[in-house]
Amino acid sequence: ASAKAPYTNHSEADFWRDNVVAPSGGAHLQWDRHHVIPRELSLEEIQEVIDAFGSAAARAARAGMDTVEIHGAHGYLIHNFLSPLTNHRTDQYGGSLENRARLLIEIVQSIRANFPAEKPIFLRVSASDLVEDVIDGPSWEIEQTIQIARWVKKAGVDATTTLPVLSSALRPMQTSVSPSQ
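Residues numbered from 1 in each chain as written. Predicted model: local features only at pLDDT ≥ 70, side-chain atom pairs only at ≥ 80, totals over all residues. Heavy atoms only, no water.

(A) How the structure looks around the nonpolar core. Among the nonpolar cores identified, the biggest contains 29 residues, and Ile70, Leu103, Leu104, Ile107, Ile111 and Ile148 are the most heavily contacted of them. Looking at this core, the elements with two or more residues in it are α1 (43-62), β3 (68-72), α2 (77-82), α4 (102-114), β4 (121-126) and α5 (142-155). The greatest single-element share of this core, amounting to six residues, is contributed by α4. Setting aside chain neighbours within four positions, we find Ile148 in contact with Leu82, Leu97, Ala101, Leu104, Val125 and Trp140. (Core = buried A, V, L, I, M, F, W, Y, C linked by side-chain atoms within 4.5 Å. Buried < 20%, exposed > 50% of the residue type's maximum accessible area, 1.4 Å probe, protein only. Helix = DSSP H or I, 4+ residues; strand = E, 2+ residues; numbered from the N terminus. Contact = heavy atoms within 4.5 Å.)

Take a look at the structure:
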């Protein structure tokens, strides 16, 4: 974690505060003064992430798991790559929607290559950054979620779960939407 949870009994040494990574780095991406400024992942590190997902899928297959689920929601790394709020890269992993989705697609392909074809892969994504009413400029929106659902299906995902009513945790100004709204 990039900040110590107030309810934990762990020491600061138990956290990786000196190595918080993101698609893009810099002080403008720091959540608040209690969180660490993230650094940008290198292309080599991105490949290591992709390979790690594939290796995890192979271990899951050997362990006899019936399915795997990729968690690409709630401000985790994949979501950070998908969102233009946090992905300011200018290489093949940033800019256009296709480029921002490249990490996810490559992760799906790596998992599919290492997990039995007859067993399903699920994907969990946030449907929106939920900042449309509080910022001017691009953010992760439902139309983009629909498009990546098409792409990941072609890459090997069997089911996509979207979370349209939960905050995706990329910015403090995000809104929450409940089913009753």
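Now that the structure has been shown, we can carry on.
(B) Seen up close, the pattern of salt bridges. For the coordinates displayed, the defined rule picks out five salt bridges. Its salt-bridge partner being Glu69, residue Arg124 comes within 3.5 Å of it at the nearest N-O pair. One end of the pair, Arg124, is in strand β4; the other, Glu69, is in strand β3, with 55 residues separating them in the sequence. By relative accessible area, which is 42% here, Glu69 ends up partly exposed. Three or more residues are tied together by salt bridges with common partners; here these are Glu40, Arg89 and Asp91. (Salt bridge = Lys/Arg side-chain N within 4 Å of Asp/Glu carboxyl O.)

(C) Summary view of the environment of Val68. Tracing the backbone shows Val68 in strand β3. Separated by 55 residues in sequence, Val68 and Leu123 have C-alpha atoms that sit 8.5 Å apart. Here Val68 is in contact with Ala60, Ile111, Phe115, Pro120, Ile121 and Phe122, once residues within four sequence places are set aside.

(D) Structural detail: α4. Spanning 13 residues, α4 covers 18 Å between terminal C-alpha atoms, matching the ideal 18 Å at 1.5 Å per step. Restricting attention to buried positions, one finds in α4 the residues Leu103, Leu104, Ile105, Ile107, Val108, Ser110, Ile111 and Arg112. (Expected span 1.5 Å × (residues − 1).)

(E) The arrangement of the packing of aromatic side chains in detail. Taken as a whole and judged by the stated rule, the model has one aromatic pair. A ring pair is formed by Phe81 and Tyr93, whose centres lie 6.4 Å apart and whose planes are at 80°; its orientation type is edge-to-face. Taken together, the positions of Phe81 in helix α2 and Tyr93 in the loop between α2 and α3 (97-100) put the pair 12 residues apart, joining distant regions of the chain. (Phe/Tyr/Trp six-rings, centres within 6.5 Å; stacked < 30°, edge-to-face > 60°.)

(F) Representation of unusual backbone geometry in the model. Positive phi is not limited to glycine here, since His74 has a value of about 60°. Of note, His74 is situated in the loop between β3 and α2.

(G) Local environment of the packing of α1 against α4. Between α1 and α4, the shortest axis-to-axis distance is 8 Å and the interhelical angle comes to 30°. As judged from the angle between their axes, α1 and α4 are roughly parallel. The handedness of the crossing between α1 and α4 comes out as right-handed. For the pair formed by α1 and α4, the contact residues are Ile46, Val49, Ile50, Asp51, Phe53, Gly54, Ala57, Ala58 and Ala61 on the first element and Leu103, Glu106, Ile107, Ser110, Ile111 and Asn114 on the second. The residue makeup of the contact of α1 with α4, split by class, is 10 nonpolar, three polar and two charged. (Axes fitted to C-alpha atoms, helices over the stretch in contact; angles between N-to-C directions. Parallel < 35°, antiparallel > 145°, perpendicular 65-115°, else oblique. Left-handed = near helix turned anticlockwise from the far one by under 90°. Nonpolar A, V, L, I, M, F, W, Y, C, P; charged D, E, K, R; others polar.)

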